[in-house]
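Here is how the chains run, residue by residue.
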Amino acid sequence: MADRYTHPTDEELLSFVDGELSPGESPAIERHLATCWECRARRSKLENTIGEFLEAHHGVLDSQLPPAAGPRALLKARMAELRKTPRAGSWRLVAAQVFDSRQRIYALAALVILIVAVGAGYRVSTSTALDQHLAAAPQQVIPNARLTPGAVRPISMSEVCSVSFSDDADQVPTSLRRQVLQEYKVSARQAGNYELDYLVSPQLGGTEDIRNLWPEPKSTAWNLRAKDALEDHLHDLVCEGKLDLATAQRDLSSDWITAYQKYFHTLAPVTPS
Amino acid sequence: MSSSIESYQRLAARSVEGEQARDVASALEAEVISLFDELRPRLLRYTLSCGLTSGDGEEIVQEAFIALVRHLQLGKPRNNLRGWLFRVAHNLALKRLSENGRRREVAAGIDEAERHVDQNPNPEEHATFSQQRARLLAALQALPDQDQRCLRLRAEGLRYREIALVLGISLGSVSASLTRSLARLGRVSER
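Computed from a prediction, not measured in an experiment: that's the story for all the values here.

About the cut-offs
- Residues numbered from 1 in each chain as written.
- Chains lettered and ligands numbered in written order.
- Predicted model: local features only at pLDDT ≥ 70, side-chain atom pairs only at ≥ 80, totals over all residues.
- Contact = placed C-beta atoms within 7 Å.
- Helix = DSSP H or I, 4+ residues; strand = E, 2+ residues; numbered from the N terminus.
- Nonpolar A, V, L, I, M, F, W, Y, C, P; charged D, E, K, R; others polar.
- Expected span 1.5 Å × (residues − 1).
- Buried ≥ 20, exposed ≤ 12 C-beta atoms within 10 Å, placed from the backbone.
- Arc of directions from axis to C-beta.
- Core = buried A, V, L, I, M, F, W, Y, C linked by C-beta atoms within 7 Å.
- Domains from an automatic or database assignment.

K.L.:
Where do I start with the interface of chain A and chain B in this structure?
P.N.:
Interface size is commonly expressed as the accessible surface area that is lost when the partners come together. On the chain B side, the residues contacting the 39 residues of chain A number 45 residues. Of all the secondary-structure elements, those providing two or more residues to the side of chain A that touches chain B are helix 1 (10–17), helix 3 (37–61), helix 4 (69–84) and helix 7 (157–162) of chain A. Ranked by residues supplied to the side of chain A that touches chain B, first place goes to helix 3 of chain A with 12 residues. Grouping the amino acids of the side of chain A that touches chain B by side-chain chemistry returns 19 nonpolar, nine polar and 11 charged.

Here you go:
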């Protein structure tokens, strides 16, 4: 490899000292440094600045760090609590256990806001969008907003992101299932063409409530699998701090197909129908 | 007789499964705790440098680790958990900041820096040292938010590609940002 006579740029030099250059690029700079006093002086000045910055960074911030023992014990306790809760059991059972825990305050604080937000959200957005969708889809791809406005319970972020709730509406008691089918005028003979689904999924705070359940037709591409994919995606966004829980709930309860199109940037469902 | 043997075998199998599940759970918890020990100070420093109080920062670090437990339980990708944790903490920190609607001035640290010079025995050196650090902190504060974050994340040991992942910018932007910031800080410390 030919020796390099031009000096490396500041960016190349920094990438070199940071070990960020490709193995092909590094040796040339290394050889150049061996021969060039000027660049060696640049490098040592760079390292000095880094040292001064680090000193300031730690000097200001380290004194503000509380001791680790308390937070460490808290994390252990919370993991032990999580371990006790069944991973995919009935959400009611899980919720009962979690609500005994120390997150109660969080949950209560979120309660009023969520109920108001979801309530207001669906009322505003459903009237027009829903009518259009119902006109396009004679079956209840989007639930009837009057019958199924969506219902949520108080839930903290840590609960949403640490407890696995079952989103499988198969576990809904038969009597409730029957009521839901009845209000949607689905006869026993037709029932096989539908799957009962939560409008706002339990993992995002939805409840097992007649207002949050509707028979979702199996025959279209906008089916349970598509909706599950959306719910999982929203859940990830919420837990990565990219989306508000209240927004996720509102998007699901107002018009989940529009939400799907918005979040997956596609007009038709990408999951196999 | 045979049915009781079968049911015993079923029971035994179930208890083995239970034990295995417990082993998996405790291995996961041990892994999370060891990551916590290693990364908590770094994550916390980063959230503080974003302008959060230590109380808020601590809460966010807890939430990030609980999210990690869930991430691991669901068998999601485990390559680069450090970058993943920083990304989650970064997003939560920004959210908390906008909720708080205020930014604590990071260079409340200037006073802090002056307190720290006490270890230095020579009063003249004291003054120079503290002035220099105050100048450096002022220059640091004057950098655009994104440039400050790049520097802080690098100071916490992140590789360029991890910083790019956390901040959602390109690799080239990371290296350009660090070069620019260090050049500026370098000019200040020269004076």
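The structure having been displayed, the exposition proceeds.
K.L.:
Sorry, what's going on with helix 4 of chain A here?
P.N.:
Every α-helical turn comprises 3.6 residues, leaving residues that sit three or four positions apart pointing alike. All names here are of chain A. The terminal C-alpha atoms of helix 4 lie 23 Å apart, and with 16 residues this matches the ideal 22 Å at 1.5 Å per residue to within 8%. Taken together, the buried positions of helix 4 are occupied by Leu75, Met79 and Leu82. Buried residues of helix 4, viewed axially, fall in a sector of 60°; they line one side. Those residues of helix 4 that are exposed and angled more than 90 degrees off the buried face are Ala69, Gly70, Ala73, Ala77, Ala80 and Lys84.

K.L.:
Any chance you could explain the nonpolar core here in plain terms?
P.N.:
General note: in soluble globular proteins, nonpolar side chains tend to be found buried as a group. Of all hydrophobic cores here, the largest spans 85 residues; its most connected members are Leu43(B), Ala64(B), Phe65(B), Leu85(B) and Ala89(B). Take this core: its biggest share by element is eight residues, from helix 2 (residues 54–73) of chain B. For this core, the domains that each give at least three residues are domain 1 (10–64) and domain 2 (92–264) of chain A. For Ala64(B), the contacting residues outside a window of four places in its chain are Leu43(B), Leu85(B), Val88(B), Ala89(B) and Leu92(B).

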